[in-house]
Amino acid sequence: MNNEGTIRFAERMNQLPPYLFGMINKIKMEKRWQGIDVIDLGMGNPMDPTPDRVTEKLVEVAADPKIHRYPVAGGMKNLKREIALYYKRKYGVELTGEDDVICTIGSKEGLSHLCLALLGPGDTVLVPSPFFPVHVYAAVIAGASVIRFPLGSEEEFLRQVTTMCQSLYPQPKLVMLNYPHNPTGILASKDFFVEMVKLAKRYNFMVINDFAYGQITYDGAVAPSLLEIPGALDVGVEFGSFSKSYNMAGWRLGYCVGNTEMVGGLAKIKGYYDYGIFSAIQVAGIVAMRDCDDTIVEQVEIYQKRRDVLCEGLSRMGWEVEVPKAGMFLWVKIPEPFAQMGSVKFSIEMMNRANVALAPGAGFGEEGDGYLRLALVENENRIRQALKQMKRAMSEIEQEIKAGTFALEP
């Protein structure tokens, strides 16, 4: 049957570029189907296990037939209360656990649906770049305009937001934050959040902080919560996730906390889209949040050791490496002469020649091209092996460049 002219996508689809990470994953999976061992430094997909006490609780609760019914859409009362208690214990933030907390199917889903509740045609969102794709394209899908600007220092960030609020009409409706930052691992200071809250009140915009990596910090560093700042509850919300802190990525459990009107808007939208999270997963989430702080400490130690192995190995290969203080990635600049080929071609070459998956920086915005994001999900020995394979592949490419048989252009 010829359906030419019948299948017509919405205009918004034309604004969504190809998902580069999907392309890299496709090549990776094709290699693995062929029996080739690919070392995956590309996707931030934890390979370490969920804490035993969490999986044991899931199994226990899942056997109860009463749990098999539709869950409460916005999250179980006990889980929401546990999230509120966690914010009180960890950050000194007073939440009721009712209208100021909602559970989400991971933070990515929640953030996307919140954009649908808050944004539409004619609205403008400010997003620093490089960026995690959903921070831009959730707003685009909602019909809003996105203005991207270089991440820069805190002072430069605040200056640019101020300038755009003063010069744009209508003024920006939302500023998207992501600290600890993915992909760069940059931490925000409390002073930065204080100034951001002041700007939000002065220029009447809302703030979202994606706090998915809030617990993954190194060398004694601590990631502050936006909601610690007096007045933050008046202007913004924060998204958290169980994916990284408790190695529960596939469980799809997250939350949004903060301003009750924004949380309420998300709840209303979600009421039309989903029925919430399987109740057994929510109960297991209570166990994670209540009883697994020790496993977070252990996991951070594991990531820090992997970070150090990867940083040291790349430095020995002549790469410029800035050691991250947070997150589960390295954000590294591709060295010459390989930088000329761009991050996408370099990543594909490493996949084809070295059997190592990397995330091209171009997937995080134009400002990211020339960089790579390397995930700390493989164990130390696998990371060392990946470095050896990359070094060998880069040596091959360098010889081909000298011989004039390799095209540097993408």
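The structure contained in this document is the topic of the report that follows. (Residues numbered from 1 in each chain as written. Predicted model: local features only at pLDDT ≥ 70, side-chain atom pairs only at ≥ 80, totals over all residues. Heavy atoms only, no water.)

## A word on the overall build of the protein chain
Working step 1: Regarding its fold elements, the protein chain presents 14 helices and twelve strands.
Working step 2: Here the protein chain has a C-alpha radius of gyration of 22 Å; the compact-globule value for 410 residues is 22 Å, and the two agree.
Working step 3: Projected onto the principal axes, the alpha-carbon positions of the protein chain cover approximately 65 × 60 × 55 Å.
Working step 4: Counting only residues that meet the buried cut, the protein chain has 55% of its 410 residues in that class.
Working step 5: Contacts spanning at least 24 positions in sequence make up 75% of the contacts within the protein chain whose residues lie at least 6 apart. (Helix = DSSP H or I, 4+ residues; strand = E, 2+ residues; numbered from the N terminus. Rg over C-alpha atoms; globule rule 2.2 N^0.38 Å. Buried < 20%, exposed > 50% of the residue type's maximum accessible area, 1.4 Å probe, protein only. Contact = heavy atoms within 4.5 Å.)

## Focus on the sheet that holds strand β12 (residues 371–375)
Working step 1: Pairing is antiparallel in the open sheet, where three strands are placed in the order β9-β12-β11. Of all the strands in the sheet, just β9 (329–333) and β11 (359–360) have a single pairing partner and so form its edges.
Working step 2: Where β9 meets β12, five bridges bridge the pair, whose relative direction is antiparallel. Each bridged residue has a counterpart across the sheet, and for Leu330 the counterpart in β12 is Leu374. (Pairing = 2+ DSSP bridges.)

## A few points about the packing of aromatic side chains
Working step 1: This model, assessed by the stated rule, comprises 17 aromatic pairs.
Working step 2: Pairing Phe131 with Tyr137 gives two aromatic rings, centres 6.4 Å apart and planes at 65°, and the pair type is edge-to-face.
Working step 3: For Phe131, a relative accessible area of 2% gives the class buried.
Working step 4: Through a chain of ring-to-ring contacts, the aromatic side chains of Tyr87, Tyr91, Phe211, Phe242, Tyr246 and Tyr255 assemble into a single cluster.
Working step 5: Cation over ring: Lys345 sits above Phe406, and NZ or CZ is 4.8 Å from the ring centre. (Phe/Tyr/Trp six-rings, centres within 6.5 Å; stacked < 30°, edge-to-face > 60°. Lys NZ or Arg CZ within 6 Å of the ring centre and 35° of its normal.)

## Quick notes on the nonpolar core
Working step 1: Judged by nonpolar contacts, the single largest core of 94 residues is most densely connected at Tyr87, Phe157, Val161, Met196, Phe205 and Phe346.
Working step 2: Among the nonpolar cores identified, the runner-up in size contains 31 residues, and Val127, Ala142, Met176 and Met206 belong to it. (Core = buried A, V, L, I, M, F, W, Y, C linked by side-chain atoms within 4.5 Å.)

## So, the sheet that holds strand β7 (residues 236–241)
Working step 1: Read across the sheet, seven strands follow the order β2-β8-β7-β6-β5-β3-β4 without closing on themselves; strand pairing throughout is mixed. Each edge of the open sheet is held by one strand with a lone partner, namely β2 (101–104) and β4 (145–150). This sheet shows a mean twist of 20° between the axes of neighbouring strands, independent of strand direction.
Working step 2: Judged from the two bridges that link them, strand β3 (residues 124–129) and strand β5 (residues 174–177) form a sheet pairing that is parallel. Its bridge partner lying in β5, Leu126 is registered against Val175.
Working step 3: Against the sheet, helix α6 (residues 154–167) engages β3, β4 and β5, with an angle of about 145° to β4. (Axes fitted to C-alpha atoms, helices over the stretch in contact; angles between N-to-C directions.)

## Brief notes about the side chain of Ser279
Working step 1: The topology assignment puts Ser279 in helix α11 (residues 279–291).
Working step 2: Sequence-distant contacts of Ser279, defined by excluding residues within four places in its chain, comprise Ile67, Pro71 and Met76.

## Looking at a nonpolar patch on the surface
Working step 1: The grouping of Ile7, Phe9 and Met13 at the surface amounts to a nonpolar patch, some 360 Å² of accessible area in total.
Working step 2: Relative to the assigned elements, Met13 resides in the segment before α1 (20–33). (Patch = residues over 30% accessible without salt bridge, like charges linked within 9 Å, V, L, I, M, F, W, Y side chains within 5 Å. Areas by Shrake-Rupley, 256 points an atom, 1.4 Å probe, with all protein chains shown as cover. Salt bridge = Lys/Arg side-chain N within 4 Å of Asp/Glu carboxyl O.)

## Comments concerning the packing of helix α13 (residues 342–354) against helix α14 (residues 380–403)
Working step 1: Two elements in contact, α13 and α14, have axes whose closest approach is 9 Å; the angle formed by their N-to-C orientations is 110°. When the interaxial angle is binned, α13 and α14 end up roughly perpendicular. Crossing of α13 over α14 shows right-handed handedness. On the side of α13, the interface is formed by Phe346, Glu349, Met350, Arg353 and Ala354, while α14 contributes Gln389, Met390, Ala393, Met394, Glu396, Ile397 and Glu400.
Working step 2: Per-class residue counts for the contact of α13 with α14 are seven nonpolar, one polar and four charged. (Parallel < 35°, antiparallel > 145°, perpendicular 65-115°, else oblique. Left-handed = near helix turned anticlockwise from the far one by under 90°. Nonpolar A, V, L, I, M, F, W, Y, C, P; charged D, E, K, R; others polar.)

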